[in-house]
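Tertiary structure, described
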Amino acid sequence: MHMFKLGKHALLATAITIALSTPAHAVTDAEWSALKDEIQKMKAAYESRISELETRVKSAESKASAAEDKAVKVETRAAQAEQPKSTTSRFNPDVSLILQGKYAHMDDVDERHLTGFMQGGHDHGGERGFSLDHTELSLSANVDQIFRGYANFAIVDEEIEVEEAWFQTLGLGKGFSLKGGRFLSALGYQNEQHPHAWDFADNNLAYKALFGEGYGQDGLQLKWLAPTDLFIEPFVEIGRGAAFPGTDRNRNGAGAVAAGVHMGGDVGTSNSWRAGVSHLRTKASEREFEGHDPADVEVVGDFTGKSKTWLADFVWKWAPNGNTRTNNFKFAAEYFRRDESGTLNCDDADLADPSACTGALSGAYKSDQSGMYAQAVYQFMPQWRAGYRYDKLWRGDADFNGADIGGMIASLGDYDPSRHSLMLDWSPSEFSRVRLQYSKDKSMDGQSENQWFVQYIHSLGAHGAHKF
Amino acid sequence: MKRFLFLLALVVVAPVQAALNVFACEPEWGALAKEIGGDNVKVYLATTAMQDPHHIEARPSLIAKMRQADLIVCTGAELEIGWLPVLLSESGNARVQPGQPGHFEAARYVALLEKPAKLDRSEGDVHAAGNPHIQTDPRNIAKVASALARMMAQIDSANAVKFRQREQDFQSRWSQAIRNWEAKAASLRGVPVAVQHKGFPYLQDWLGLKEVVALEPKPGVDPSAAYLAQVVSGLKTQPAKMILRAAYQSDRPSRWLSERAGIPAVELPYTVGGSARANDLFGLFDDTIERLLNGLK
């Protein structure tokens with residue numbers, strides 16, 4: 001366009017130059033003024049045409065740029081609309097890291113145990129003062145169109161424990177799904193939760209007595225979800241059974257079998273519930289325990305035999321109109337019963353310090369024990385929750401060679417542990433939580449202990465959604 | 001015997017007349033599926049207008065319903081990230097897993113606003129893909145409707161023609177309704193508003209409302225008293241005409257601010273079922289526009 005404009009000017013300039021270059025002496029005054037007029041007219045005509053052309057070009061230009069803008073907008077919108085947006089983050093796999101630690105104020109107790117119960121499995125806590133709990137690292141993603149994968153590592157000093165590492169089918173059809181690898185059993189309610197999801201700073205006594213922390217094993221789990229509006233989900237698991245109450249027994253086939261059913265539903269829009277019963281059957285071979293005799297002399301021993309556990313669980317949640325944001329309430333309770341029968345060996349822990357078991361005793365052992373916990377947690381305002389938990393264990397019968405085992409091993413004596421706990425926690429977001437807890441702990445015979453905990457739980461990365 | 005054989009033949013031969021089972025994560029998508037599907041769909045609403053769609057418990061009842069779904073219709077864009085993944089894995093339903101035709105995410109079909117420049121949890125509950133509250137702009141509903149009708153036709157090909165016809169009928173009624181709403185809401189253009197949660201960018205974009213301030217210091221973070229005081233003083237220099245909040249949200253912060261700043265707090269239905277009048281998608285926007293206009297008075 002500028003080129004065009006220059007051209008017009010050049011033309012005009014040429015005309016003037018030609019006119020001026022004409023010999024002056026040959027031109028009369030009248031002729032000169034006529035020529036000047038002519039040039040003026042030409043100039044005016046050209047100028048008006050030029051400005052007209054200029055405005056026309058300008059408007060064409062602006063229209064073109066507007067059209068271009070629109071095209072760009074449409075393109076970006078189209079591009080945005082095409083972007084894949086999945087329900088989980090674009091990172092594959094989702095990575096989550098849980099930071100947890102606590103300060104505990106407790107009595108100085110030499111050998112913490114639950115009187116009346118043989119305890120096993122690994123157990124967190126028990127340390128006084130400041131301590132770091134397991135740092136949990138988990139990774140999960142869909143493996144492909146058929147499988148999902150998940151791994152959870154609990155990291156402590158000089159040790160990485162594979163808490164879970166499993167695959168699960170995304171849908172076998174007809175409501176079936178299969179899980180394989182190392183997983184937390186679907187037994188009960190709290191069992192599938194990692195410690196960061198617990199509502200209290202420590203484990204309830206029932207689970208402590210049953211499994212230490214929770215029951216996990218290497219094996220297979222088959223679940224079926226009924227095609228009904230009422231949630232009905234039976235499951236069966238077979239596995240290695242290496243964890244307490246069983247032991248690793250170096251054999252083919254299944255070392256433990258678990259089965260159960262869970263049911264659940266809503267009552268109106270504000271209430272929902274889940275309940276279930278489960279059963280675990282496993283065997284122990286030389287399952288070790290430590291304790292002390294009535295004279296407080298240390299003994300060691302082991303149990304070989306069958307272990308059967310029944311577990312009933314119930315959870316009820318309330319939120320006004322189902323909106324959990326401001327207020328919500330959760331009640332959970334579980335009850336267990338465990339039968340064990342087989343043979344028991346016991347001996348002095350230190351041969352130089354003879355106990356009631358001196359000379360290595362062996363005999364028939366049979367026990368029938370039970371326990372429960374019930375807890376209620378209320379969110380009374382956004383971010384703030386308060387809770388109460390009651391734990392109770394019943395030692396029941398525990399016979400060694402036809403007599404109560406307490407006469408020989410006092411730490412397995414007839415005593416029913418119990419505990420009351422109160423907690424208050426603050427969660428500024430769903431990724432962080434700070435908790436204060438007080439417990440009145442009577443889990444050991446002759447001990448009534450005040451315990452205080454301050455705990456933090458922080459979550460980095462793609463924190464997976466929690467189950468009900 | 002003859003009668004028995006006849007009955008048996010009826011059972012075996014009779015085509016399965018089961019309606020398409022739709023699991024809608026939010027009420028607006030349930031209403032849309034109903035508009036397109038009519039009697040050929042059975043819609044289950046996973047949430048109500050009184051629930052915060054960011055925070056839903058993965059309840060057993062929801063898992064049981066998802067088990068039976070042929071199609072799940074959700075917003076996506078991470079809105080349901082706190083509960084949908086659990087339902088998907090626990091339902092054991094292969095048809096509705098991500099990537100399957102039975103897994104529909106509405107946010108994929110509209111241009112998302114407010115894509116965060118920075119992804120950091122200190123910024124609050126930000127969604128990487130953009131703001132997921134797309135249902136407050138009826139033009140988005142139209143886009144989602146055509147995509148949803150295509151998906152429904154793909155899953156239930158026997159009713160494909162019906163779905164397409166119903167969708168076209170819906171689209172013509174909808175575009176007429178949009179014209180009416182826009183004409184009615186002309187006076188709202190350029191009106192400055194305060195919002196309780198950044199849940200209305202699409203409504204603002206559509207009607208030309210100007211968001212002056214949000215009552216949450218960061219998305220999903222409840223305001224402190226100090227922050228609200230800051231909002232009040234901010235409103236003195238940059239006034240707003242009204243405070244908007246969704247029906248599911250607590251009315252306390254907006255009521256508090258309304259008293260201090262002397263401007264009305266307007267509760268919007270936000271989704272189908274959020275008010276008595278918002279009993280379908282048309283009612284939702286009829287009521288939204290009317291409440292906004294009342295707020296302007």
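Residues numbered from 1 in each chain as written. Chains lettered and ligands numbered in written order. Predicted model: local features only at pLDDT ≥ 70, side-chain atom pairs only at ≥ 80, totals over all residues. Heavy atoms only, no water.

With that out of the way, let us pick up the environment of Ser285 of chain A. Residues and elements named next belong to chain A. Counting through the fold element by element, Ser285 comes out in strand S10 (residues 271-292). Accessibility expressed as a relative area gives 32% for Ser285, which makes it partly exposed. Residues Ser285 and Gly305, spaced 20 residues apart in sequence, show a C-alpha to C-alpha distance of 6.6 Å. Residues within four places of Ser285 in sequence aside, it is in contact with Thr247, Arg249, Phe303 and Thr304. (Helix = DSSP H or I, 4+ residues; strand = E, 2+ residues; numbered from the N terminus. Buried < 20%, exposed > 50% of the residue type's maximum accessible area, 1.4 Å probe, protein only. Contact = heavy atoms within 4.5 Å.)

So, about the confidence of the model for chain B. All names here are of chain B. Of the residues in chain B, 94% reach a pLDDT of 70 or more, and the chain-wide mean stands at 91. Looking across chain B, the model is least confident in helix H1 (residues 2-13), with a mean pLDDT of 51, and most confident in strand S3 (residues 71-74), with 98. Here residues 9-16 is a poorly scored stretch, pLDDT under 50, and it has 1 contact once near neighbours within four places are set aside; other chains count. (pLDDT = per-residue confidence, 0-100.)

Another aspect to go through is the pairing of strand S11 (residues 298-318) of chain A. Regular strands have side chains that alternate between both faces of the sheet. Residues and elements named next belong to chain A. Of the strand pairs in this sheet, S10 and S11 are connected by 20 bridges, and their pairing is antiparallel. Looking across to S11, one finds that His279 is bridged to Trp310. Turn length for the S10-S11 hairpin, with the two strands adjacent in sequence and antiparallel, is 5 residues, and the turn residue Asp296 shows positive phi of about 65°. With 20 bridges joining them, S11 and strand S12 (residues 328-348) adopt antiparallel strand pairing. (Pairing = 2+ DSSP bridges.)

This part takes up the packing of helix H2 (residues 27-37) of chain B against helix H5 (residues 138-155) of chain B. For any two helices packed against each other, one specifies the inter-axial angle together with the distance between the axes. All names here are of chain B. Contact pair H2 / H5: the axes reach a minimum separation of 10 Å and the direction vectors enclose 60°. Accordingly, the angle class assigned to the pair H2 and H5 is oblique. You can see that H2 and H5 cross each other, and the crossing is right-handed. Side by side, H2 and H5 meet where Trp29, Leu32, Ala33, Ile36 and Gly37 of the first sit next to Ile141, Val144, Ala145, Leu148, Ala149 and Met152 of the second. Here the residues of the contact of H2 with H5 are counted per class, giving 10 nonpolar, 1 polar and no charged. (Axes fitted to C-alpha atoms, helices over the stretch in contact; angles between N-to-C directions. Parallel < 35°, antiparallel > 145°, perpendicular 65-115°, else oblique. Left-handed = near helix turned anticlockwise from the far one by under 90°. Nonpolar A, V, L, I, M, F, W, Y, C, P; charged D, E, K, R; others polar.)

What follows is about a negative patch on the surface. Residue and element names in this part refer to chain A. Among the surface-exposed residues, Asp107, Asp108, Asp110, Glu111, Glu286, Glu288, Glu290, Asp296, Glu298, Asp350 and Asp353 lie close enough to one another that they form a single negatively charged patch. Looking at the negative patch, the element that brings in the most residues is S10, giving 3 residues. By the element assignment, Asp350 lies in the loop between S12 and strand S13 (361-381). Relative accessible area serves as the criterion here: at 42%, Asp350 is assigned to the partly exposed category. (Patch = residues over 30% accessible without salt bridge, like charges linked within 9 Å, V, L, I, M, F, W, Y side chains within 5 Å. Areas by Shrake-Rupley, 256 points an atom, 1.4 Å probe, with all protein chains shown as cover. Salt bridge = Lys/Arg side-chain N within 4 Å of Asp/Glu carboxyl O. Lys, Arg positive; Asp, Glu negative; His and termini not counted. Charge placed at Lys NZ, Arg CZ, Asp CG, Glu CD.)

With that settled, consider the sheet that holds strand S7 (residues 242-246) of chain B. Residues and elements named next belong to chain B. Taken in spatial order, the 4 strands of this open sheet run S6-S5-S7-S8, and their pairing is parallel. Of all strands in the sheet, those with a lone pairing partner are strand S6 (210-214) and strand S8 (265-268), marking the two edges. Neighbour to neighbour, the strand axes of the sheet diverge by 35° on average, direction disregarded. Judged from the 4 bridges that link them, strand S5 (residues 192-195) and S6 form a sheet pairing that is parallel. What sits directly across from Val193, in S6, is Glu211. Each of S7 and S8 touches helix H10 (residues 281-296); the most contacted strand, S8, lies at about 175° to it.

Its location among the elements puts Asn271 of chain A in strand S10. Within the structure, the side chain of Asn271 of chain A is placed 3.3 Å from the side chain of Trp316 of chain A, a separation counted as a polar contact. (Polar contact = N/O pair within 3.5 Å; in protein donor to acceptor, adjacent residues only side chain to side chain.)

Residues and elements named next belong to chain B. Across the sheet, which stays open at both edges, the 4 strands sit in the order S2-S1-S3-S4 with parallel pairing between neighbours. Bordering the open sheet on either side are strand S2 (41-45) and strand S4 (103-105), each of which pairs with just one other strand. Mean inter-strand twist for the sheet, computed between neighbouring axes without regard to direction, equals 20°. Here S3 runs beside S4; their pairing, made up of 3 bridges, is parallel. The partner of Ile72 across the bridge, within S4, is His103. Against the sheet, H5 engages strand S1 (20-24), S2, S3 and S4, with an angle of about 170° to S3.

We now examine the nonpolar core. All names here are of chain B. Counting 61 residues, the largest nonpolar core has Leu32, Trp174 and Leu244 as the members making the most contacts within it. No other element matches H5, which puts 9 residues into this core. Counting residues domain by domain, this core receives three or more from each of domain 1 (17-107 + 122-180) and domain 2 (186-296). Beyond its immediate chain neighbours, meaning those up to four positions away, Trp174 contacts Pro138, Ile141, Ala142, Trp181, Leu281, Phe282 and Phe285. (Core = buried A, V, L, I, M, F, W, Y, C linked by side-chain atoms within 4.5 Å. Domains from an automatic or database assignment.)

Another point: the interface of chain B and chain A. It is common to report an interface's size as the accessible area lost on association of the parts. Every contact between the two is made by 45 residues of chain B and, on the other side, 56 residues of chain A. Here chain B meets chain A over a buried area of about 4,100 Å², counting both sides, of which 49% is carbon and sulfur. The largest share of the area that chain B buries against chain A comes from Pro60, Arg67 and Arg121 of chain B, three residues that together contribute 16% of it. For the interface between chain B and chain A, the tally reads 7 salt bridges. Residues Lys223 of chain A and Glu90 of chain B are paired through a salt bridge, measuring 3.6 Å at the closest nitrogen-oxygen approach. At the boundary of chain B with chain A, the tally comes to 15 residue pairs in polar contact (both at pLDDT 80 or more). Elements that contribute at least two residues to the side of chain B that touches chain A include exactly helix H3 (60-67), helix H4 (84-91) and S4 of chain B. (Buried area = accessible area lost by both parts, 1.4 Å probe.)

For the α-helix, the turn length of 3.6 residues means that residues three or four positions removed from each other point alike. All names here are of chain B. With 13 residues, helix H8 (residues 225-237) should reach 18 Å at 1.5 Å per residue; the first-to-last C-alpha distance of 19 Å fits that figure. Those residues of H8 lying buried are Tyr227, Leu228, Val231, Val232 and Leu235. The arc that holds the buried residues of H8, viewed along the axis, is 150°, so those residues lie on one side. Those residues of H8 that are exposed and angled more than 90 degrees off the buried face are Ala226, Gln230, Lys236 and Thr237. Structurally, H8 contributes buried residues whose contacts are with S6 and helix H9 (252-261). (Expected span 1.5 Å × (residues − 1). Arc of directions from axis to C-beta.)

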